[in-house]
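# Per-entry structural report
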Amino acid sequence: MTQTPPKNHAGPPRRDIAPEVPETSFAERVRTLLEAHRVGTLSSHSAKFSGFPFGSVMPYALDAAGNPLLLISAMAMHTQNLRQNSRASLLVAQDSVGRDPLGAARVTLLGTAERLNEDSEVRERYLAWHENASYWVDFKDFSFFRLQVEEVYYVGGFGVMGWVPGQEFAASLPDPLAPFATGILDHMNEDHRDALVLLARHQGQVPGGEEAKMTSVDRLGFRVRVRSGERWQSRRIAFAGSVGTPDGARQELIRLVHEARKQEPSS
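A short tour of the structure in this document, coming up. In this text, all values refer to a predicted model and were calculated from it rather than measured experimentally.

Rules of the game
- Residues numbered from 1 in each chain as written.
- Predicted model: local features only at pLDDT ≥ 70, side-chain atom pairs only at ≥ 80, totals over all residues.
- Heavy atoms only, no water.
- Helix = DSSP H or I, 4+ residues; strand = E, 2+ residues; numbered from the N terminus.
- Buried < 20%, exposed > 50% of the residue type's maximum accessible area, 1.4 Å probe, protein only.
- Contact = heavy atoms within 4.5 Å.
- Areas by Shrake-Rupley, 256 points an atom, 1.4 Å probe, with all protein chains shown as cover.
- Lys, Arg positive; Asp, Glu negative; His and termini not counted.
- Charge placed at Lys NZ, Arg CZ, Asp CG, Glu CD.
- Phe/Tyr/Trp six-rings, centres within 6.5 Å; stacked < 30°, edge-to-face > 60°.
- Lys NZ or Arg CZ within 6 Å of the ring centre and 35° of its normal.
- Salt bridge = Lys/Arg side-chain N within 4 Å of Asp/Glu carboxyl O.
- Pairing = 2+ DSSP bridges.
- Expected span 1.5 Å × (residues − 1).
- Arc of directions from axis to C-beta.
- Patch = residues over 30% accessible without salt bridge, like charges linked within 9 Å, V, L, I, M, F, W, Y side chains within 5 Å.
- Axes fitted to C-alpha atoms, helices over the stretch in contact; angles between N-to-C directions.

## Points about the overall build of the chain
Of the regular secondary structure elements, the chain holds seven helices and 11 strands. Overall size of the chain, expressed as C-alpha extent along the three principal axes, is 75 × 40 × 35 Å. Counting every position in the chain, which comprises 267 residues, the buried fraction comes to 40%. Put simply, 60% of the contacts in the chain that link residues at least 6 apart link residues at least 24 apart. Carbon and sulfur atoms provide 52% of the accessible area of the chain, an area that totals close to 15200 Å². Taken together, the 30 basic and 32 acidic charged side chains of the chain have centroids lying 4 Å from each other.

As structure tokens, then:
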């Protein structure tokens, strides 16, 4: 089922050639995206109109392997569809408020939906993600389903896309810096603009950089958007190694800024 992405599109990182600047794998980015959201679009095969896909808004939780857990009513159209054909997909998209939605990350999970027997762990996991579901979780017509993921298609923005094998997806973990990323970005962009320009000039190799904004951060590094005159460009800057805490990221940023200052010409 795995396919090779078109040649004019960026595929998953090559396993045989180390990238110039280390980046997290597509599988890790997918797990991170899924952990950050709570609702997707479930597409099932219509039982009423054969051959047509049927889309539904679908709250989800995740099991330990990243498979979506669904709490659905027997009366719902998607439940009737899944009983006839268990193959389905779940689309989860990054929030795109204030920007082009096609530039936002999104993932489509393809798999088979299976009805689960009473399971306290599944119940606890789901209610931890959707506390308000406690009002109807015990209704007799509601049941838990698991979408057993077989293949994953990831789009990280313009020109960044590719298939992720199900086994690789199941073995991955979400980025440990993800819960703190917004705070790190806000802090750097509000309080350390000059430092970001310095980093863009030296570590980002944009000599004429005049303005810079940190746009993303993960355990292996961060990305800045740099302006030189009227031209904007994006640069990836790596940490020395993997960091898993905000303090670890802070120490790495301090180290990188110190290195960049040493490269500044003396006045």
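## Thoughts on the packing of aromatic side chains
The geometry of an aromatic ring pair is captured by two quantities: the separation of the ring centres and the angle between the planes. The final tally for this structure, using the stated rule, is six aromatic pairs. Their ring planes at 55° and their centres at 4.9 Å tell us that Tyr153 and Trp163 sit as a pair that is tilted. Within this pair, whereas Tyr153 is found in strand β7 (residues 142-157), its partner Trp163 is found in strand β8 (residues 160-165), the two being separated by 10 residues in sequence. One cation-aromatic arrangement involves Arg38 over Trp129; the distance from NZ or CZ to the ring centre is 3.8 Å.

## Concerning the pattern of salt bridges
Pairing is possible between side chains that carry opposite charge, provided their charged atoms lie close to one another. The full count for this structure, using the stated rule, is 14 salt bridges. Where Glu23 meets Arg29, a salt bridge forms, and the shortest distance between an N and an O atom there is 3.8 Å. Judged by its relative accessible area of 35%, Glu23 falls in the partly exposed class. The exposure class of Arg29 is buried, given its relative accessible area of 19%. A salt bridge links Arg146 to Asp63, with the shortest nitrogen-to-oxygen separation between them at 2.9 Å. Within this pair, whereas Arg146 is found in strand β7, its partner Asp63 is found in the loop between β3 (61-62) and β4 (68-73), the two being separated by 83 residues in sequence. Since its relative accessible area comes to 18%, Arg146 is described here as buried. Here the salt bridges do not stand alone but share partners, grouping Glu23, Arg29 and Arg223 into one network.

## Topic: the pairing of strand β6 (residues 106-115)
Where strand β5 (residues 87-93) and β6 come together, seven bridges link them in antiparallel fashion. Bridge pairing in β6 places Leu91 opposite Thr108. Across 10 bridges, β6 lies against β7 in antiparallel orientation. Within β7, the residue paired with Arg115 across the bridge is Phe145.

## Some details on helix α7 (residues 246-263)
At 3.6 residues per turn, the α-helix brings residues three or four places apart onto the same side. Here α7 contains 18 residues, and its C-alpha end-to-end distance of 26 Å stays within 8% of the 26 Å for a straight helix at 1.5 Å per residue. Every buried residue belonging to α7 is among Gly248, Ala249, Glu252, Leu253, Leu256, Val257 and Ala260, and all of these are buried. Buried residues along α7 sit against α5 (181-191), α6 (193-202), β9 (211-218), β10 (221-228) and β11 (231-238).

## Points about helix α2 (residues 77-84)
Every buried residue belonging to α2 is among His78, Thr79, Asn81 and Leu82, and all of these are buried. Buried positions in α2, seen along its axis, are confined to an arc of 160° and lie on one side of it. Exposed residues on α2 whose side chains face more than 90 degrees from its buried face are Arg83 and Gln84. Elements that come into contact with the buried residues of α2 comprise β1 (39-45), β2 (53-59), β4, β5, β6 and β7.

## Structural notes on a nonpolar patch on the surface
Judged by side-chain polarity, Tyr135, Trp136 and Phe139 come together as a nonpolar surface patch covering roughly 370 Å² of accessible area. As for its placement among the helices and strands, Phe139 is situated in the loop between α3 (120-129) and β7.

## Digging into the sheet that holds β9
One open sheet accounts for three strands, arranged β9-β10-β11; its pairing is antiparallel. Since the sheet does not close on itself, it has two edges, and those belong to β9 and β11, each with one partner. In this sheet, neighbouring strand axes are inclined to one another by 20° on average, regardless of whether the strands run parallel or antiparallel. Taken together, the seven bridges between β9 and β10 define a ladder with antiparallel strand orientation. Within β10, the position partnered with Ser216 by the bridge is Arg223.

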